[in-house]
Every structure is written in structure tokens, then in C-alpha cells.
Amino acid sequence: MTKNKVVLDLEKINLTDRQLHSLNKSIHKVVAARLKTITAARPKKTYRKAAYTELRMAAAGSMTAQLSVTFTNTIPGDSSLTAIYNGESQTLTQSGTLTFHNVKHGDTILVQDYSLGDTAVNIDISADPTQMNFTPGHHVDQFLIS
């Protein structure tokens, strides 16, 4: 599977936090809608009973995703990571864990990071990618739940 990334160089454009949030939300909405149509168009496959049960549980929304966030080389409180899933937004300003319930196969969790140091984000369920590493600055990426 190829990984497609969108990188917007806003170096010469000053955006307020509200404008940046609106831009990120719009991008997330378009990508999530496209992913749903791709997932719905996939041909049905046959699975072993255990795998089928696991997929059915995932489709029923019974998964809980935990994002472990670690900020390094920065003072606690000087960094911020926001994760957004299904309209629910959670933010950390120091290392910790974010938890999202009823996560489904094919959904995405949007990650927005601003840090003066390095940031590592790990997810505990099957996703692409399973880990994100950010250098100092503003970053936007997403986990695609598989």
C-alpha cells in the first residue's frame, strides 16, 4: 500500500490558530469521506472464523485506541498535541495517553502537533502508521485504522 501525504508549506502565509484548525478539519473531512467510499467499494473476502469475528467486532465499533505521546527535549507545557476522532478532540501539553472509544476499521485519527522539541506518538491498535515521530515545529498527520 502506498502512503500518500499532503504537505502544505505555509511559510509565507500567517494563519491564526482558528484558521489552521479550520483548514485541518476541512482536509480531514474530505479524506475521511473518500476513505469511506474506497472501503465500501472493496470486494468481500472470506476469512477464518476468528479473523471474521475480529473484523466484525471492529466494524461494530468495539475497539478502543490509545495514543501514547512522548515529548522530549522540551519543557512540559511548551508543546501541544491534539488528536481528533469522530468530532471528539483531545489535547496533551505534556507526555501522556489519549484514549478514543468505538474506533472502527477504516476510520482515521487526525494528529496535530506543535512542539519546541521532538514528539513521538504510538497507537496500540492496528493502524497505518503505528508510530509517528515529529521534529520541532507544526505537524499534521493521521492514523488510518486497519
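Per chain, residues are indexed from 1 in the order of the written sequence. Only residues with pLDDT of at least 70 are given local features in this predicted model, and only at 80 or more are side-chain atom pairs given and counted; all residues enter the totals for whole chains, interfaces and linings. Based on all heavy atoms of the structure, the side-chain values leave hydrogens and waters out of the count.

### Things to note about the overall build of the protein
- Counting its secondary structure elements, the protein contains 2 helices and 9 strands.
- Helix and strand labels come from DSSP, where a helix needs a run of H or I of at least four residues and a strand needs a run of E of at least two; each type is numbered from the N terminus. Its helices and strands in sequence order give the protein the pattern α-α-β-β-β-β-β-β-β-β-β, from N to C terminus.
- The burial tally for the protein puts 31% of its 146 residues in the buried class.
- Contact criterion: two residues are considered in contact whenever any of their non-hydrogen atoms come within 4.5 Å of each other. If you take every contact in the protein between residues at least 6 apart in sequence, the share linking residues at least 24 apart comes to 59%.
- Total accessible area on the protein is roughly 9,900 Å²; 53% of this is exposed by carbon and sulfur atoms. Burial classification: accessible surface area is computed with a 1.4 Å probe over protein chains only, and a residue below 20% of its type maximum counts as buried, one above 50% as exposed, and the rest as partly exposed. In this description, accessible areas are obtained by the Shrake-Rupley approach with a 1.4 Å probe, and a residue is regarded as covered only by the protein chains that are shown.

### Some words on the sheet that holds strand 8 (residues 131-134)
- When DSSP finds two or more bridges between two strands, those strands count as paired. On the basis of which strands lie adjacent, the open sheet formed by 4 strands has the order 4-1-6-8 and antiparallel pairing. Bordering the open sheet on either side are strand 4 (96-103) and strand 8, each of which pairs with just one other strand. For this sheet the average axis-to-axis angle between neighbouring strands, irrespective of direction, equals 15°.
- The pairing of strand 6 (residues 118-123) with strand 8 spans 4 bridges and is antiparallel. Bridging across to strand 8, Asn-122 finds its partner in Gln-131. Only the stretch in contact is used when fitting a helix axis, every axis being a line fitted to C-alpha atoms; angles between N-to-C directions are given from 0 to 180 degrees.

### Focus: the sheet that holds strand 7 (residues 127-128)
- If you trace the 5 strands from one edge of the open sheet to the other, you get 3-2-5-9-7, paired in antiparallel fashion. Only two strands of the sheet have a single partner each, and these edge strands are strand 3 (88-92) and strand 7.
- One ladder, built from 5 bridges, connects strand 2 (residues 80-85) with strand 5 (residues 108-115); its direction is antiparallel. Across the sheet, the residue bridging to Thr-82 is Gln-112, located in strand 5.

### Description of the environment of Gln-90
- By secondary structure assignment, the location of Gln-90 is in strand 3.
- For the pair Gln-90 and Phe-100, spaced 10 residues apart in sequence, the C-alpha separation works out to 8.9 Å.
- If we ignore the near neighbours within four places in the chain, the residues touching Gln-90 are Leu-81, Thr-82, Ala-83, Leu-98, Thr-99 and Phe-100.
- Between N or O atoms, a polar contact is any pair within 3.5 Å; within protein, one atom must be a potential hydrogen donor and the other a potential acceptor, and residues adjacent in sequence are included only when both atoms are from side chains. At a separation of 2.7 Å, a polar atom in the side chain of Gln-90 contacts the main-chain carbonyl oxygen of Thr-99.

### Overview of unusual backbone geometry
- A cis geometry characterises the amide bond from Asp-128 onward to Pro-129, with omega recorded as -5°.
- As for its placement among the helices and strands, Pro-129 is situated in the loop between strand 7 and strand 8.
- Backbone geometry places Asn-73, a non-glycine residue, at a positive phi of 60°.
- Its identity is not glycine, yet Asn-102 carries a phi of approximately 60°, on the positive side.

### Some details on the nonpolar core
- With 22 residues, the main nonpolar core has Leu-67, Ile-109, Ile-123 and Phe-143 as its most contacted residues.
- Those elements that provide at least two residues to this core are strand 1 (63-72), strand 2, strand 4, strand 5, strand 6, strand 8 and strand 9 (137-145).
- If sequence neighbours within four positions are ignored, Leu-67 has contacts with Ala-83, Gly-96, Thr-97, Leu-98, Phe-100, Ile-109, Val-111, Val-121, Asn-122, Ile-123 and Phe-143. Working definition of a nonpolar core: buried Ala, Val, Leu, Ile, Met, Phe, Trp, Tyr and Cys residues. They are joined through side-chain atoms within 4.5 Å.

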